[in-house]
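An overview of the molecular structure
Below are the chains, spelled out letter by letter.
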Amino acid sequence: MTEKLELIRRLKDEHDLSDSELKKLIESPEPDADLFRAADELRRSIYGEDVYIRGIVEFTNFCKNNCYYCGIRRDNRRVERYRLTDDQILQCCEAGYSLGYRTFVLQGGEDPYYTDDRICGLLEKIRAAYPDCAITLSIGEKSRESYQKYFDAGADRYLLRHETADDALYRRWHPEEMDLSNRKRCLFDLKEIGYQVGAGFMVGAPYQTTEHLIADLRFLQELDPDMIGIGPFIHHVDTPFGDQQSGSLEMTLRMLSILRLLFPDALIPSTTALGTIDPQGREKGFQAGANVVMPNITPANVRELYLLYDEKICTGEDAFQCRGCLEGRVFGAGYRMVVSRGDRIRQGTAK
Ligand code: SF4
């Protein structure tokens, strides 16, 4: 057995490796077919062929922050800004529900217009109309008190990518007023309140090394999130990182498989960013261990305004087309889309 095969076998059985072993796996020049196979076997042993779907509503592209990599950052004056009304958001949920979505993800920039009262009012309306659905928020860093209010108003899950667990790298990606320790504080607060929590990081972003990626894995082990979202860094031309090289499909898939082996029962999406860097990217994501897909159910007329990065796919299709297209892709990759809230099936094995 080659050294790489032995590392994969141990990672699959023990769900951990030392830093130096992870480094070997991450930097291996050998093909990843065995790694993908091991990740897929482990995912099938818990989730079978099931792929869970979440309908994303991108309800505001205003943001008070200025992350250097993000297309809707505050200082990008070329973005036409929009907000959806509560009625428009509820219409998205209605269309999504009829298409089989049982999780709605309300995603937006950190938009001060959406006070806690506005968010809670919206949550209460969705919760009353769809008691059988999970409601996920993805609206950035807030106080613990705000998170508690959203939870009490009906939110079940919260997505907040940590982006990188390394302080120095975080500093290079964000302006002075942003702070990694606050982001980590948010994630632990969310867990303590009782949310199902999603974290995650970018792959192949500027200045990132293997050691940074290992730090991300270690941070995730500490947090033990229910969901882990990773995607390749893709530059947006109207940002300070506009001339930086994008991350690769190969490294993103490799990290996705390693995540599956480290966190056997995690909910791991095959992200839109994967589909953006490769036409078959999302299918390859499933085959590397992903078990979630998050189609857009935002009205098609504003989708192209929510461009976090260049060339983002699926900006012109309506919810029905998006659902149909993805179902075919999931089936073609050897899996099946299911109508379900898609909660984590806890195994008690993640470290
Ligand atoms: S990454 Fe998020 S917080 Fe940062 S600028 Fe973009 S939308 Fe705002």
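Cut-offs used in this document
Residues numbered from 1 in each chain as written. Predicted model: local features only at pLDDT ≥ 70, side-chain atom pairs only at ≥ 80, totals over all residues. Core = buried A, V, L, I, M, F, W, Y, C linked by C-beta atoms within 7 Å. Buried ≥ 20, exposed ≤ 12 C-beta atoms within 10 Å, placed from the backbone. Helix = DSSP H or I, 4+ residues; strand = E, 2+ residues; numbered from the N terminus. Contact = placed C-beta atoms within 7 Å. Expected span 1.5 Å × (residues − 1). Arc of directions from axis to C-beta. Axes fitted to C-alpha atoms, helices over the stretch in contact; angles between N-to-C directions. Parallel < 35°, antiparallel > 145°, perpendicular 65-115°, else oblique. Left-handed = near helix turned anticlockwise from the far one by under 90°. Nonpolar A, V, L, I, M, F, W, Y, C, P; charged D, E, K, R; others polar.

1. A few points about the nonpolar core
Core analysis: the largest hydrophobic core is formed by 100 residues, its most contacted members being V51, V57, F104, I228 and L259. With seven residues, helix α10 (residues 249–262) is the largest single contributor of residues to this core. For V57, the residues in contact, after removing those within four places along its chain, are I89, C92, F104, V105, L106, Q107, I297 and T298.

2. Here we look at helix α9 (residues 210–223)
Given a rise of 1.5 Å per residue, 14 residues ought to cover 20 Å, and the 20 Å separating the end C-alpha atoms of α9 matches this to within 8%. For α9, every residue scored as buried is listed here: L213, I214, D216, L217 and L220. Across the axial projection of α9, the buried residues extend over an arc of 150°, all falling on one side. Buried residues in α9 make contact with α2 (19–27), β6 (196–203), β7 (227–232) and α10.

3. What about unusual backbone geometry?
Phi is positive for E163, close to 70°, though the residue is something other than glycine. Tracing the backbone shows E163 in the loop between β5 (157–159) and α7 (167–173). Judged by the 22 C-beta atoms lying within 10 Å of it, E163 falls in the buried class. Look at D224: it is not a glycine, yet its phi comes out positive at around 50°. Among the structural elements, D224 can be located in the loop between α9 and β7. With 13 C-beta atoms packed within 10 Å, D224 lands in the partly exposed category.

4. Focus: the packing of helix α3 (residues 33–47) against α10
The geometry of α3 relative to α10 is characterised by a closest axis approach of 9 Å and an angle of 40° between their N-to-C directions. Here α3 is positioned oblique relative to α10, judged by the angle of their axes. Taken as a pair, α3 and α10 cross one another with a handedness that is left-handed. For the pair α3 and α10, the contacting residues are L35, F36, A38, A39, L42 and R43 in the first and R254, S257, R260 and L261 in the second. Considered class by class, the residues forming the contact of α3 with α10 number six nonpolar, one polar and three charged.

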